Amino acid sequence: MMRSMYSAVSGLKTHQTRMDVIGNNIANVNTVAFKSSSVTFSDILYQTTSNASGANATTGTGGVNAKQIGLGTTAAATKVSITSAGASETTGNPFDIRLTDKNSTNFFIVNNGSENVFTRSGSFYVDGSGNLCMSSTGYTVMGWQVDETTGEIRKDTVSALRIMQEKNLTSAPEATTQATIAGVLDENDADVKSDAGKVMNLNFYDNLGYQYTAKFAIKATAKDGEYTVELTSILDSNNKNITEGFTQAQMKEIFGNTDTVTTIASYSTTLTGCGYTYDTATGKLKTDPAGVVVDINDDGTLADGSNKTIKDVFGVSDGNLKNIQNSAKAKNKDYEFKDVTTTVNGVTTHSYQIVKKSATNLLKFNTEDGKFHSIGGGTNKSVELNLNNANLNKNGNFQNITVDFSQCLNYNNSGKSTIGADAGAVDGTTGKGRKLGAMTGISIDTNGRIYGTYDNGNTELLGQIAVAQFSNASGLEKVGESCYRTTLNSGEFDGIGVEISADGSSMTTGELEMSNVDLSSEFTSMITTQRGFQANSRVITTSDTLLEELVNLKR
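About the criteria used
Residues numbered from 1 in each chain as written. Predicted model: local features only at pLDDT ≥ 70, side-chain atom pairs only at ≥ 80, totals over all residues. Heavy atoms only, no water. Pairing = 2+ DSSP bridges. Helix = DSSP H or I, 4+ residues; strand = E, 2+ residues; numbered from the N terminus. Axes fitted to C-alpha atoms, helices over the stretch in contact; angles between N-to-C directions. Parallel < 35°, antiparallel > 145°, perpendicular 65-115°, else oblique. Left-handed = near helix turned anticlockwise from the far one by under 90°. UniProt positions renumbered as here; feature names shortened; annotations may be inferred. Buried < 20%, exposed > 50% of the residue type's maximum accessible area, 1.4 Å probe, protein only. Phe/Tyr/Trp six-rings, centres within 6.5 Å; stacked < 30°, edge-to-face > 60°. Domains from an automatic or database assignment. Salt bridge = Lys/Arg side-chain N within 4 Å of Asp/Glu carboxyl O.

Q: Got a sec to walk through the sheet that holds strand 21 (residues 293–294)? Specific residues and values, please.
A: The 3 strands are arranged 19-20-21 in an open sheet whose pairing can be described as antiparallel. Two strands bound the open sheet, and with one partner strand each, they are strand 19 (276–279) and strand 21. Sheet analysis places strand 19 next to strand 20 (residues 284–287), joined by 4 bridges and oriented antiparallel. Bridge pairing in strand 20 links Thr277 to Lys286.

Q: Can you tell me about the packing of helix 1 (residues 2–27) against helix 6 (residues 519–551), naming the residues and giving the values?
A: Taken N-terminus to C-terminus, the directions of helix 1 and helix 6 make an angle of 160°; their axes are 8 Å apart at the nearest point. Taken together, helix 1 and helix 6 sit at an angle that is classed as roughly antiparallel. With respect to the hand of their crossing, helix 1 and helix 6 are arranged in left-handed fashion.

Q: Pulling in residues and values, what's your account of the UniProt feature "domain: Flagellar basal-body/hook protein C-terminal" (unreviewed entry) in the protein chain?
A: Under the UniProt annotation, the feature "domain: Flagellar basal-body/hook protein C-terminal" (unreviewed entry) is placed at residues 510–553. Taken end to end, residues 510–553 is 75% helix and 7% strand, and its two terminal C-alpha atoms sit 75 Å from one another.

Q: So what about the pairing of strand 30 (residues 459–465)? Which residues, and what values?
A: For strand 30, the tally of buried residues reaches 5 of 7 residues, placing the bulk of the element in the interior. The sheet contact formed by strand 11 (residues 140–146) and strand 30 spans 2 bridges and is antiparallel. Bridge pairing in strand 30 links Gly143 to Ile465. In this sheet, strand 30 lies alongside strand 29 (residues 449–454) in antiparallel orientation, the contact comprising 5 bridges. Bridging across to strand 30, Ile450 finds its partner in Gly463.

Q: Before we move on, can you summarise the packing of aromatic side chains with the specific residues and values?
A: A complete count under the given rule lists 17 aromatic pairs for this structure. Ring geometry for Phe337 versus Tyr352: centroids 4.8 Å apart, planes at 10°, classification stacked. Pair noted here: Phe337 is in strand 22 (residues 335–344) and Tyr352 is in strand 23 (residues 347–365), with a separation of 15 residues, a long-range link. Take Phe337: its relative accessible area is 11%, and that puts it in the buried class.

Q: Any chance you could break down the domain arrangement of the protein chain for me, citing the residues and the numbers?
A: Looking at the protein chain, the domain boundaries give domain 1 (1–47 + 68–80 + 531–554), domain 2 (87–163 + 463–514) and domain 3 (178–423). Between the C-alpha centres of domain 1 and domain 3 the distance comes to 102 Å.

Q: Describe the pattern of salt bridges, with residues and values.
A: The tally for this structure, following the rule as stated, stands at 18 salt bridges. A salt bridge links Glu230 to Lys219; the shortest N-O distance between them is 3.8 Å. Placement of the pair is Glu230 in strand 17 (residues 226–235) and Lys219 in strand 16 (residues 211–220), with a sequence separation of 11 residues. Comparing Glu230 with Lys219 shows no difference in burial state: the two are buried. As a salt-bridge pair, Lys252 and Asp259 come within 3.3 Å of each other at their nearest N and O atoms. Given a relative accessible area of 29%, Lys252 falls into the partly exposed group.

Listed below in structure tokens is the structure:
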């Protein structure tokens, strides 16, 4: 009689344990990545009052089963439904990550300051030190770092992912190494026929991220389908011409393989009231009214000691005068102010002209279809802008730029040319060059790779989130705060982890895994638990009534 009472007591205890588990499940119905638990019962020892006996062939009697009385029940196991994923919750937060399992159950690896623990809760944020951390506990998320030599992930012992450390806040600049000239060059364009030519600007970067502008001029020649391309200047970010004062030979080292002579300006009359007259029949400059012939020096000054220049007499611009003076000083013939004769219908006239000798490349088109033929002679489709030369690259900050002309066309476009220069190869990305970039955002792909995006267009790999997999994930020990610890029955963590995509699993940003608690199942279990508890309490009540009847027998 006492046995039934104690069996019922064990039943009350085990059903209370089951109710505790159900209550914990329901309490965590909205806990991120919570895994529900269930209790399994088993019977306890049995008291044997009579052992079993076998059949007796002599007497012809059969065997008798053992007589056993059970002593109650106990909670045999608490099983965690860890392999069952919860539904997804969309948050839109790029640092919220949901693990999607394929063949194995994956866990984030986080460190609490003393050891690595494991979690399915992917609600993360970046703390003040730049570490990726759990938003609920501040535990640092562990993963693999980038090998600075190769720029790829080094899958070694996991360490804290400090994705916003100082070195990651900027992206190194890149020098421009390629450029593309594209568009239509119309031979009827007035600019192409002018002395200045059709101007193109190529913006490029040096190794330090400083921006420069190379200015080119395209001019028509006397032959159809042929044009000259000249580098006229290179301006820095302050609009200062860094090739100012360069001779034609020095410019030729940078760009151009042909010496081309062009007339910049022509003068046949003097300025009114300047004190001089010019005779176009004889090509003589004379004082007015004395008529004394005056020679002009190579530097553009008059040889009569008056301290006047060709600017004062002919109205030559300051820029052209300076170029003439620089050429005279350098003792070259890059810019000259010279007397030129022209004969028309047997009549010869004189004029003073500013003649410039420049380094150019010849741009040729097929006259049959207007398509590009070559640049710089031969069949080349590109030429080199040689910035890495001794005159220009004294600090070593420039890289040579390969300029591709193959995308040019020579069509009639109503006198309007669309030709222009862009940094980068034909694909629009290779060799484009970049300034120093400031971080503008962080993204995480499905493999857990973390990328930084920068305002110079760069995207750089910052690290990778590693995951842990266990042979028996249900054997992990819950330690609270949505974390687990390894046990002897779960399998060990090797300290390195695995890449989540190794078995086809993935990570999804902007989502969280919800609790996998099924309220319908929990309420059903609650009902059966309640009935079980009630039934066991009735056993105790009935046993007590029997004992009371037994005591009352002596009355």
